[in-house]
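Each chain is listed here by its residues.
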Amino acid sequence: MSSLTPEDVALAAFLHDIGKFWWPAAGGKRPEIVNSWLDFLPSERSGRPTHLHAAYSAAFVSRYVCGEADDAMAAVVAGHHEPSTREDWIVAVADRIASGERQVAAPEISVSDPGTARISSPFNNDQYFQLLHRSACADEGSTDRFHPTTIPNHDSGEMALAWESFVRDVEGLGVPQTDSGTWLELLREHTIRIPAQSPTAKGHYKPSISIFDHSRMCAALAHVLATSSMSEREVQALQNTRDPEVTPFSLILGDLSGVQKFLYTGSTARAIRALKGRSFFLQFLSEYFSNLTRKRLGLTPFAELFTGGGRFVLIGPGQPELRSIRSDLERILLQELNGQIGICLLY
């Protein structure tokens, strides 16, 4: 029986790729603490270990999260490419599902060393440029000025400085640190612009998804699997199934209604100030209801994918019970806002 809670497994999943930040920052130097995790990695026929980032991730978790005296969480992180336990398989399958957003890079995107590519702009695609060419006036001359300037890949010195800043913030909050919300904000701050996957000779992927976004999705999926009654074999089977009927996940949508009327009802005097105030209130209300729904369903902070514009989206278990939660939210709106705003909660 594992000593790890579902929350521990979710945190392990959230930090499973932090080695993709540390590895290039180390500049080819492998700390001794990393070497102790090499036995958990898959290897080539020659015996050379592969997926070295997993060893770096495990070393980081051992040092800064669970403490070196209790390495159960670090072992799960190290084994997510060579799973041997239910917890290993949960992180491995969550990682594989969360990796479904990866796009194969265009041939002109250069192959780089792992971890050195810069994250690509969502506007850096053919459809965007075609739109610019069609909309640009002929007498304006060349539209080359609209194209993003090519920026060289990261070098080890730049990555080392970014890593040092990250570690400094981690150590400033106290070690070991196991609070999921704290790690969520730390990675949001430091890894939102670092790609989860770089285009390499073995996997020519477009570097368009950050470590933060990929890790948050992976953690949300892993928590659902860890809290389920699925056996290790059933978890393994998920990596090969495409049947929507057997998925243990759901997307939960909360949508506030009556938002436009609430925003624009009132006198024109000081209208801009009133609009700003009501917009802030709606954002606060969306975040409050998202947190309330998440906690009622027993989900971690990683489950919140989006909040804004009077809506929120969570990843939760399949067929969640939302009726009583929706009734409570409607009661709050009726008591505090006299029914000016309603809410739809569905999955």
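Residues numbered from 1 in each chain as written. Predicted model: local features only at pLDDT ≥ 70, side-chain atom pairs only at ≥ 80, totals over all residues. Heavy atoms only, no water.

Participant: For this particular structure, what's the right way to read the overall build of the protein chain?
Facilitator: Check the secondary structure of the protein chain and you find 14 helices and four strands. Residue burial in the protein chain is summarised as follows: out of 347 residues, 42% are buried. Carbon and sulfur atoms form 51% of the exposed surface of the protein chain, whose accessible area is close to 19,000 Å². (Helix = DSSP H or I, 4+ residues; strand = E, 2+ residues; numbered from the N terminus. Buried < 20%, exposed > 50% of the residue type's maximum accessible area, 1.4 Å probe, protein only. Areas by Shrake-Rupley, 256 points an atom, 1.4 Å probe, with all protein chains shown as cover.)

Participant: Whenever I open this one, helix H9 (residues 180–191) confuses me. Can you help?
Facilitator: Given 3.6 residues per helical turn, the α-helix brings residues three or four places apart onto the same face. For H9, which comprises 12 residues, the first-to-last C-alpha distance of 16 Å matches the rise-based estimate of 16 Å (1.5 Å per residue) to within 8%. If you check which residues of H9 are buried, you get Ser180, Trp183, Leu184, Leu186, Leu187, His190 and Thr191. In this structure Asp179 caps H9, since a side-chain oxygen of it lies 3.3 Å from the backbone nitrogen of Gly181. (Expected span 1.5 Å × (residues − 1). Polar contact = N/O pair within 3.5 Å; in protein donor to acceptor, adjacent residues only side chain to side chain.)

Participant: In this structure, what is going on with the nonpolar core? I would like to understand it.
Facilitator: The biggest cluster of nonpolar side chains holds 67 residues, and the ones touching the most others in it are Phe14, Trp22, Phe60, Trp163, Phe166 and Trp183. Here this core gets 10 residues from one element, more than from any other, and that element is helix H10 (residues 211–227). In this view, Trp183 contacts Leu11, Phe14, Leu15, Phe60, Tyr64, Val65, Phe166, Val170, Gln177 and Thr178; residues no more than four positions away in its chain are not counted. Among the nonpolar cores identified, the runner-up in size contains 21 residues, and Ile252, Ile341, Ile343 and Leu345 belong to it. (Core = buried A, V, L, I, M, F, W, Y, C linked by side-chain atoms within 4.5 Å. Contact = heavy atoms within 4.5 Å.)

Participant: Explanation requested: the side chain of Ser250 in the structure shown.
Facilitator: For Ser250, the location among the structural elements is in strand E1 (residues 249–257). Relative accessible area serves as the criterion here: at 10%, Ser250 is assigned to the buried category. Polar side-chain contacts of Ser250 include one of 2.6 Å to the backbone oxygen of Pro317. When residues no more than four places from it in sequence are discounted, the contact partners of Ser250 are Leu314, Ile315, Gly316, Pro317, Gly318, Gln319, Pro320 and Tyr347.

Participant: Is there a simple way to explain the side chain of Ser290 in this structure?
Facilitator: For Ser290, the position within the fold is in helix H13 (residues 271–296). Those residues in contact with Ser290 that lie beyond four places of it in its chain are Glu304, Thr307, Phe312 and Leu314.

Participant: Honestly, the pairing of strand E3 (residues 311–317) in this entry has me stumped. Any pointers?
Facilitator: In regular strands, side chains alternate between the two faces of the sheet. Two strands pair when backbone bridges link them, and E1 and E3 are joined in this way by seven bridges, in the antiparallel orientation. Across the sheet, Leu253 pairs through a bridge with Val313, a residue of E3. In this structure, strand E2 (residues 304–308) lies alongside E3, joined through four bridges in antiparallel fashion. Bridged to Thr307 within E3 is Phe312. (Pairing = 2+ DSSP bridges.)

Participant: How should I be thinking about empty space enclosed by the protein in this particular structure?
Facilitator: Unoccupied space between atoms shows up once a probe the size of one water molecule is rolled over them. Evaluated as defined, the whole model comprises two cavities of 30 Å³ or more. Estimates place the volume of the second largest cavity at around 30 Å³. Ala220, His223, Val224, Leu299, Thr300, Ala303 and Ile315 are the residues that line the second largest cavity. Per element, the largest residue contribution to the lining of the second largest cavity is three residues, and it comes from H10. Residues that form the lining of the second largest cavity fall into these classes: five nonpolar, two polar and no charged. (1 Å grid on protein atoms, 1.4 Å probe; cavity = no way out; pocket = protein on both sides within 12 Å on 5 of 7 lines; lining within 4 Å. Points joined across faces, edges and corners; volume = space filled by probe spheres on them. Nonpolar A, V, L, I, M, F, W, Y, C, P; charged D, E, K, R; others polar.)

Participant: Could you clarify how one ought to interpret the environment of Arg323 in this entry?
Facilitator: The residue Arg323 is located in helix H14 (residues 323–337) in this model. Along the sequence, Arg323 and Leu345 sit 22 residues apart, while their C-alpha atoms lie 8.3 Å from each other.

Participant: Explanation requested: H14 in the structure shown.
Facilitator: Across its 15 residues, H14 extends 21 Å between first and last C-alpha, which sits within 8% of the 21 Å expected from 1.5 Å per residue. Along H14, the residues classified as buried are Ile325, Leu329, Leu333 and Leu337. Mapping the buried residues of H14 onto a view down its axis gives an arc of 70 degrees, with all of them on the same face. Within H14, the exposed residues directed more than 90 degrees away from the buried face are Arg323, Leu334 and Gln335. Buried positions along H14 lie against H13 and strand E4 (342–346). Once H14 finishes, Asn338 follows within two positions and takes phi at roughly 55 degrees, a positive value. (Arc of directions from axis to C-beta.)

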